[in-house]
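Coordinates in review
What follows is each chain in one-letter form.
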Amino acid sequence: MELHIALHGRKDLAEQLYRQLRDGIDSGRLAAGTQLPPTRLLAEQLGVSRKTVAEAYSRLSADNLLSGQVGRGTFVTPQPLVTPPSARQAPLASADSLARWRARGIPMGRSALAQPSRYDFVGGVSSKAHFPFDVWRQCSQHALRQCQRSTTRYGDAQGVAELREAIARHIAFARGVHCTAGDVQVCNGAQQALDLIARVLIEPGCRVAMEDPGYPPARHLFEALGARIQHVPVDADGLCVDLIEAGVRLIYVTPSHQFPLGMPMGLARRHALLARAAELGAVIIEDDYDSEFRYEGRPTDALQSLDQQGLVAYVGTFSKTVLPELRLGYAVLPPALLEPVRIARQLSDWHTSTLSQWTLAHFIGEGHLVRHIRRCHTLYAARRERILQRLDDDLQPWFEAVPSSAGYHLSALARGALDVEFVIALARKVEVGLYSLRPFYSEATPRPGLLLGFGAIERLDIDPALDRLRDTLQSLS
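Named according to an unreviewed UniProt entry, the chain is Transcriptional regulator, GntR family originating from Pseudomonas japonica. Entered under Sequence similarities (unreviewed entry) in the UniProt record, the comment concerning the chain runs "In the C-terminal section; belongs to the class-I pyridoxal-phosphate-dependent aminotransferase family."

Here it is as structure tokens:
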């Protein structure tokens, strides 16, 4: 690869070369440690004499900007950090739009995870310690062989057929979803599935109903696309369907494990939701983010399996069951949405990495996913049970658990006038990471409480962590 240097004319070539290399070093374009081409090679590339290049290099070395290493070559010398002058920004016609995006921020940002607490009850994060990386590596090798044999260049926007087939079989077995591979759209995580569905349904000013409290990234996404959000309260049975207003075009729900409180939506409420959606002509997004981990009671069918009118788009993810970094999710789409979403995906980023898709397809097809879920289920069930025991025992004066039967987080509501935000701050000082329910509320009055994730914290760490929380609460009393 050639070093980009543009010389003009035939005069002062050594000076031009010196000035361009110096500007590149000063600006950071030529970073410290960058190896420059040998003088003979750069001279050939630029069509100048070797003496010209050697003179420029010599001046830069005298300025302590380059250093030669015997047997290795010439390198850019590390320089003291200098803050570059801020560039003047021309006025932009889109300034108001950019300001709105800056003000929106990143909901549920993971900056706090850069330095997690010693005992961290963060939600939505699984434990990597129990993931079968050796098995995944073998599946990756299989995927590389598939890619090597493939005669295609780019993949199908809907996803690799083998992965869509594996997903359809898995969710039919695990969640009772009615679908074929042709109904499945592979995405970069569940968030892209939400984006694609919303992109083809939402126009500026249209109404979207969603739970309050609910999932902030979905709300911010819908608002960014121009939707007006109706924040619908929830009760012990989930979304209060009778409060959904006329004119709603899209309804977003988490019926299997309400986010963040955790209660499931009852069967009667599910039928009422389907009936209301049919009355409005609204599409329902069923976000089934972690219900494969179920601990008690009879399994409930996915809302999608009850849909007889093509109204439910079922969204799932492998971030909870495999790895968050994999960024693989999917949507099972009703017929009316299949082609529009596929086109939107093609225009957005074409398709998910085929190597990752082949790897996951083999991982599922060989039974590794089911075995991994079963192993994790045993681990998570023990962690959940211990947290519930403590909430019902020595933490009972301050918190009560919200009934929940699935997932790998649970919510605990504060009793009395406990200042939860203050408790969270104090817990941080004793290396316990706790998370408030407050950020998940929009218009409804927030119920003080904690979201307790147990996917990432080990079973043996739960008691020491909750001992510290109890001691903190006792000191407040």
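When helices and strands are tallied, the chain shows 15 helices and 16 strands. Here the chain holds 477 residues, and 49% of them are scored as buried. Long-range pairs, those at least 24 residues apart, make up 72% of the contacts in the chain with a sequence separation of at least 6. Split by element, the accessible area of the chain, about 23,700 Å² in all, is 53% carbon and sulfur. The centroid of the 53 positive side-chain charges in the chain is displaced by 6 Å from the centroid of its 51 negative side-chain charges.

Time to look at the domain arrangement of the chain. The accessible area lost on association of the parts is a frequent measure of interface size. Looking at the assigned domains, one finds that the chain contains domain 1 (13-76), domain 2 (110-128 + 371-476) and domain 3 (133-366). The C-alpha centroid of domain 3 is placed 27 Å from the C-alpha centroid of domain 2. If you look at the interface, domain 2 gives 30 residues, while domain 3 gives 32 residues. Carbon and sulfur atoms supply 58% of the area buried between domain 2 and domain 3, which totals about 2,700 Å² over both sides.

Moving on, we get to helix 4 (residues 95-104). Where burial is concerned, little of helix 4 is hidden: zero out of the 10 residues are buried. A positive phi of about 70° marks Gly 105, the residue just after helix 4.

Let's shift gears to the pairing of strand 7 (residues 228-235). Across six bridges, the pairing between strand 6 (residues 207-212) and strand 7 is parallel. Bridged to Ala 209 within strand 7 is Gln 230. Handedness of the crossover is the feature at issue here: the chain leaves strand 6, passes through helix 8 (residues 216-224), returns alongside strand 7, and the resulting connection is right-handed. Two strands pair when backbone bridges link them, and strand 7 and strand 8 (residues 238-239) are joined in this way by two bridges, in the antiparallel orientation. Paired with Asp 235 across the strands is Gly 238, a residue of strand 8. Connecting strand 7 to the next strand, strand 8, in antiparallel fashion are two residues.

Ranked by size, the top nonpolar core spans 61 residues in total, and within it Phe 121, Phe 318, Val 322, Leu 360, Phe 399, Leu 434 and Leu 452 carry the most contacts. No other element matches helix 13 (residues 368-391), which puts six residues into this core. Once residues within four sequence positions are removed from consideration, Phe 399 is found in contact with Leu 391, Ala 412, Leu 413, Ala 414, Arg 415, Leu 418, Val 420, Leu 450 and Leu 473. Residues Cys 206, Val 208, Phe 222 and Ile 285 belong to the second largest nonpolar core, which totals 28 residues.

Read across the open sheet, the three strands follow the order 13-14-16; overall the sheet is antiparallel. The strands lining the two open edges of the sheet, one partner per strand, are strand 13 (399-401) and strand 16 (449-453). On average, adjacent strands in this sheet sit at an angle of 30° to one another, irrespective of strand direction. In this sheet, strand 16 lies alongside strand 14 (residues 409-414) in antiparallel orientation, the contact comprising five bridges. By the bridge assignment, Ala 412 is partnered in strand 16 with Leu 450. Contacting strand 13, strand 14 and strand 16, helix 13 runs over the sheet at an angle of about 10° to strand 14.

A word on the side chain of Thr 472. As for its placement among the helices and strands, Thr 472 is situated in helix 15 (residues 459-476). The exposure class of Thr 472 is buried, given its relative accessible area of 9%. The residues contacting Thr 472, other than those within four sequence positions of it, are Leu 426 and Val 430.

So, about the environment of Ser 411. As for its position among the elements, Ser 411 is in strand 14. A relative accessible area of 0% means that Ser 411 is categorised as buried. For the pair Ser 411 and Ala 401, spaced 10 residues apart in sequence, the C-alpha separation works out to 5.9 Å. Residue contacts for Ser 411: discarding those within four places in its chain leaves Pro 260, Leu 261, Glu 400, Ala 401, Val 402, Leu 437 and Leu 450. At 2.7 Å, the side chain of Ser 411 and the backbone oxygen of Pro 260 are in polar contact.

Rules behind the numbers
- Residues numbered from 1 in each chain as written.
- Predicted model: local features only at pLDDT ≥ 70, side-chain atom pairs only at ≥ 80, totals over all residues.
- Heavy atoms only, no water.
- UniProt positions renumbered as here; feature names shortened; annotations may be inferred.
- Helix = DSSP H or I, 4+ residues; strand = E, 2+ residues; numbered from the N terminus.
- Buried < 20%, exposed > 50% of the residue type's maximum accessible area, 1.4 Å probe, protein only.
- Contact = heavy atoms within 4.5 Å.
- Areas by Shrake-Rupley, 256 points an atom, 1.4 Å probe, with all protein chains shown as cover.
- Lys, Arg positive; Asp, Glu negative; His and termini not counted.
- Charge placed at Lys NZ, Arg CZ, Asp CG, Glu CD.
- Domains from an automatic or database assignment.
- Buried area = accessible area lost by both parts, 1.4 Å probe.
- Pairing = 2+ DSSP bridges.
- Right-handed = clockwise from strand over helix to strand, strands pointing away.
- Core = buried A, V, L, I, M, F, W, Y, C linked by side-chain atoms within 4.5 Å.
- Axes fitted to C-alpha atoms, helices over the stretch in contact; angles between N-to-C directions.
- Polar contact = N/O pair within 3.5 Å; in protein donor to acceptor, adjacent residues only side chain to side chain.

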